[in-house]
Each structure stands twice: as C-alpha cells, then as structure tokens.
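Here is what each chain is made of, one letter per residue.
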Amino acid sequence: MEKKAARDKAEREKAERDFENKRQYLTGLRPDPMLNIGFGNRVAAHRVVAIVTPNTSPMKRLKDEAKKAGRLVDATCGRKTRAILVMDSNHVILSAIQADTLAQRYAAVKDKKEEGTHNEPE
C-alpha cells in the first residue's frame, strides 16, 4: 500500500512539473532549446531519451515496431538513416545526420541551457 501511495505521489509531482514546464513554454517565460536533426528539422532537446545508430537488429526492430504503432517520424528527407532518436513519448525519429554529430549538438544545447542561453549553434 505504501509503495502505491509513493508511486502515486511521484506521478502527481511529475505531472505538476510537466504542467509547469509547459505553462512556462507556452507563455514564453522559458523557450525550450531545440536540437537540429538536419534539413531544417528540430526536436525539443529535453524530450530526447537516446541517440543510437540504426545498424543493429534491435534498432531495426525498434524502428519496425514504431512504424506499425504509428510512432515513427522519418526526418531523413529521402536520405540514408544514420541515427535514431528515441523520445520520452515513445516516438522514434529517423535522422540522416550521424549519431556522433547529433550527440555533439545535444551536448552543446545542454551546455547552453545550463548557461542560461537557448541559442543553438548551426
């Protein structure tokens, strides 16, 4: 019973944080930093869970399952998939930019966020 109460409390606190973050974003108090994933496409950096290479069988399975479930976003613009981004909403995003490059861009965005600026290097 205590575990359920603790879990409910944690879920309630997370929902409150998410609501406050969304409120600040929508009112312009805090713009969310965006991660450039190539060809004019951007994603909210704080929503990225993982940046992985698509070469392994588990990643191919992940891509196929997301496509079947309608959670796949193809941002490759017809080019070869070089990175897969897994989002906290269980969406899977395909990018034509190398995973290492995206990881460097992500690190730059996180550093800028900690400094208090939200401009991303192009």
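Whatever comes next refers back to the structure up there.
Residues numbered from 1 in each chain as written. Predicted model: local features only at pLDDT ≥ 70, side-chain atom pairs only at ≥ 80, totals over all residues. Heavy atoms only, no water.

Engineer: Looking at this model, I keep getting lost on the sheet that holds strand β3 (residues 48-52). Mind explaining?
Structural biologist: To summarise the sheet geometry, strands pair through backbone hydrogen bonds and adopt either a parallel or an antiparallel arrangement. Spatially, β3-β5-β6-β4 is the arrangement adopted by the four strands of the open sheet, whose pairing is mixed. What marks the edges here is a single partner per strand, and that holds for β3 and β4 (72-75). If you compare each strand with its neighbour and ignore which way they point, the axes differ by 20° on average. Both strand β5 (residues 83-87) and strand β6 (residues 92-95) contribute to a ladder of four bridges, which runs antiparallel. Bridge pairing links Val86 to Val92 in β6. (Pairing = 2+ DSSP bridges. Helix = DSSP H or I, 4+ residues; strand = E, 2+ residues; numbered from the N terminus. Axes fitted to C-alpha atoms, helices over the stretch in contact; angles between N-to-C directions.)

Engineer: Help me understand the nonpolar core in this model?
Structural biologist: A general trend in soluble globular proteins is that nonpolar side chains are found buried together. In this structure, Leu35, Ile37, Val43, Leu85 and Ile93 are the most contacted members of the largest nonpolar core, which totals 14 residues. Among the secondary structure elements, those contributing two or more residues to this core are β1 (34-38), β5 and α3 (99-115). Non-local contacts of Val43, meaning those with residues more than four positions away in its chain, are made with Pro33, Met34, Leu35, Ile37, Val48, Leu85, Met87 and Ile93. Membership of the second largest hydrophobic core comes to five residues, among which are Met59, Ala66, Val92 and Leu94. (Core = buried A, V, L, I, M, F, W, Y, C linked by side-chain atoms within 4.5 Å. Buried < 20%, exposed > 50% of the residue type's maximum accessible area, 1.4 Å probe, protein only. Contact = heavy atoms within 4.5 Å.)

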